[in-house]
Structures are given as C-alpha cells and as structure tokens.
Amino acid sequence: MTQDETAAQHSANVDSLTAAARSAALGAYRPYSGLGVGAAGLAVGPDADQPAGDSDGRVRIVVGCNVENASYGLTLCAECSLVSDLHRTGGGRLLEIVVVSHAGEPLAPCGRCRQLLHEHGGPSLVVHTARGAVPLGDLLPDAFGPGDLA
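Here's what I pulled together on the structure shown here. Residue numbers restart at each chain and count upward from 1, following the sequence in its written direction. Whole-chain, interface and lining totals are the exception, using all residues; otherwise, since this is a predicted model, local features are given only for residues with pLDDT of at least 70 and side-chain atom pairs are given and counted only at 80 or more. Hydrogens and water are ignored here; the side-chain numbers use all heavy atoms of the structure.

1. Things to note about the sheet that holds strand β1 (residues 37-44)
Backbone-to-backbone hydrogen bonds pair the strands of a sheet. The strands run either parallel or antiparallel. Strand pairing is assigned whenever DSSP identifies at least 2 bridges connecting the two strands. Helix and strand labels come from DSSP, where a helix needs a run of H or I of at least four residues and a strand needs a run of E of at least two; each type is numbered from the N terminus. Strands sit in the order β2-β1-β3-β4-β5 across an open sheet of five strands; the sheet is mixed. The open sheet is flanked by β2 (60-65) and β5 (132-135), the only strands paired with a single partner. Taking each pair of neighbouring strands and ignoring which way they run, the sheet shows an average axis angle of 25°. Where β1 meets β2, six bridges bridge the pair, whose relative direction is antiparallel. Note that in β2 the partner of L42 across the bridge is I61. Note on contacts: a residue pair is in contact if any heavy atoms of the two residues lie within 4.5 Å. Whenever a helix is involved, its axis is fitted only over the stretch in contact; in every case the axis is a line through C-alpha atoms, and angles between N-to-C directions fall within 0 to 180 degrees. Relative to β2, helix α2 (residues 78-88) is tilted by about 140°, and along the sheet it contacts β1, β2 and β3 (93-101).

2. Quick word on the side chain of H128
Inspection of the secondary structure assignment puts H128 in strand β4 (residues 126-129). Polar side-chain contacts of H128 include one of 2.6 Å to the side chain of E96. Whenever two N or O atoms come within 3.5 Å, that pair is a polar contact, provided that in protein one can donate a hydrogen and the other can accept it, and provided that, for residues adjacent in sequence, both atoms are side-chain atoms.

3. Re the layout of surface pockets
Vacant regions in the atomic arrangement are exposed by a probe of water-molecule size rolled over the atoms. Counted as a void, the second largest pocket has a volume near 160 Å³. For this classification, the nonpolar set comprises Ala, Val, Leu, Ile, Met, Phe, Trp, Tyr, Cys and Pro, the charged set comprises Asp, Glu, Lys and Arg, and every other residue, Gly included, is treated as polar. Classifying every residue of the lining of the second largest pocket gives eight nonpolar, three polar and two charged. A pocket, in this scheme, is an open set of points on a 1 Å grid over the protein atoms alone with protein on both sides within 12 Å along at least 5 of 7 lines, while a cavity is a set where a 1.4 Å probe fits but cannot get out; residues line either one if an atom lies within 4 Å of a point. Grid points are joined across faces, edges and corners, and a volume is the space filled by probe spheres set on the points.

4. Structural notes on unusual backbone geometry
Non-glycine residue Y72 carries a positive phi angle of around 60°. Examined against the element boundaries, Y72 turns out to sit in the loop between β2 and α2. Despite not being glycine, D142 shows a phi value in the positive range, around 55°. Using a 1.4 Å probe on the protein chains alone, a residue whose accessible area is under 20% of its type maximum counts as buried, one over 50% counts as exposed, and one in between counts as partly exposed. Of the residues examined, D142 reaches a relative accessible area of 80% and is grouped as exposed.

5. Focus: helix α3 (residues 111-121)
Within α3, the full set of buried residues consists of C113, R114, L117, H118, H120 and G121. The inward-facing, buried residues of α3 abut α2, β3 and α4 (136-139).

6. What about the pattern of salt bridges?
Any carboxyl oxygen of Asp or Glu that lies within 4 Å of a side-chain nitrogen of Lys or Arg is treated as forming a salt bridge with it. Going through the model one piece at a time under the given rule, you end up with one salt bridge. Among the salt bridges present, the one from R88 reaches D85, with a minimum N-O distance of 2.6 Å. Taken together, the residues R88 and D85, both in helix α2 and three residues apart, mark about one turn of the helix. Taking the relative accessible area as the measure of exposure, R88 reaches 63% and is therefore exposed.

7. A word on the state of the cysteines
Here, two cysteine sulfur atoms that lie within 2.5 Å of each other are counted as a disulfide. Enumeration according to the criterion identifies zero disulfides in this entry. Residue C77 stays outside any disulfide, its sulfur separated by 3.7 Å from that of C113, the closest cysteine. Of all cysteine sulfurs in the structure, the one in C113 sits closest to C110, which takes part in no disulfide; the separation is 3.6 Å. Given a relative accessible area of 34%, C110 falls into the partly exposed group.

If you want it as structure tokens, here you go:
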C-alpha cells in the first residue's frame, strides 16, 4: 500500500485483482490437469518519468491465464500471459499481483514466474498470497536481473 493509498482503496485493489484473476482462470486452457490458473496485476507505466498508468495516465489491470500443452513442460503459466498482456497494453511496471485457481484459491507463483515477475515488477512488487501481501523480494531473495548483465 502506498503512502497516498487508503486501506479502503487497497482492499478494493485486491478485490478487483482477485475477481479479474478468477475470471481469467475460468477461461484457462486446461484439458490435462484440469487446473485453471488466473493472474491479475496492477500496472503503471510505460516509463518511470510518466505519471502512473497507461497512455491516459491511469493505473490499469492486466490479466493472464494458464495455457496447457500435451508435453506439460511447454505449458504457459498465467503469470507469463499476464506479462504478455502488460506489454500488449503499453508496457510499464507491475505493482501488485494476485494469482488464483479457477476455484478462487490463492496460489503462489512458481520459481520461473517469480523470475519473470522480478523483471517486470522488481523486488517491491506486492504478491498477494494465502498468507497475505508479500514483497516479491521475500519470495525471490537475491534475484538475478538485468543489472547483473552489465
């Protein structure tokens, strides 16, 4: 929660993200496992010098769902399609994310997705889990990022 955000606004963000993630999960392609996963994130951007939000200066919600594949290993996680939606809608940074099953149960991002989320939200990205809001940096300490390539 930012300094300018009230508890009610924060709760509304989480509720909106959870509803969007659940809706996305219901549309997942899941013929093999039967597990639909949806992710929804609060995004701002596209660059740090611009006011929060998309080209209209608004914060926006981006979503994704899992897309299974018969080889399992090529399955796309909901967080992967969320990052695609982030860039499809103008880029920017992720501030908060919710990941749920099609039944609405909270899920934690897998290791690969934590790395992907680090690239697009950084260690301060708030991940809403079953135990509450957790900074991504706590879920992926000492993450490898673009700065490590220099």
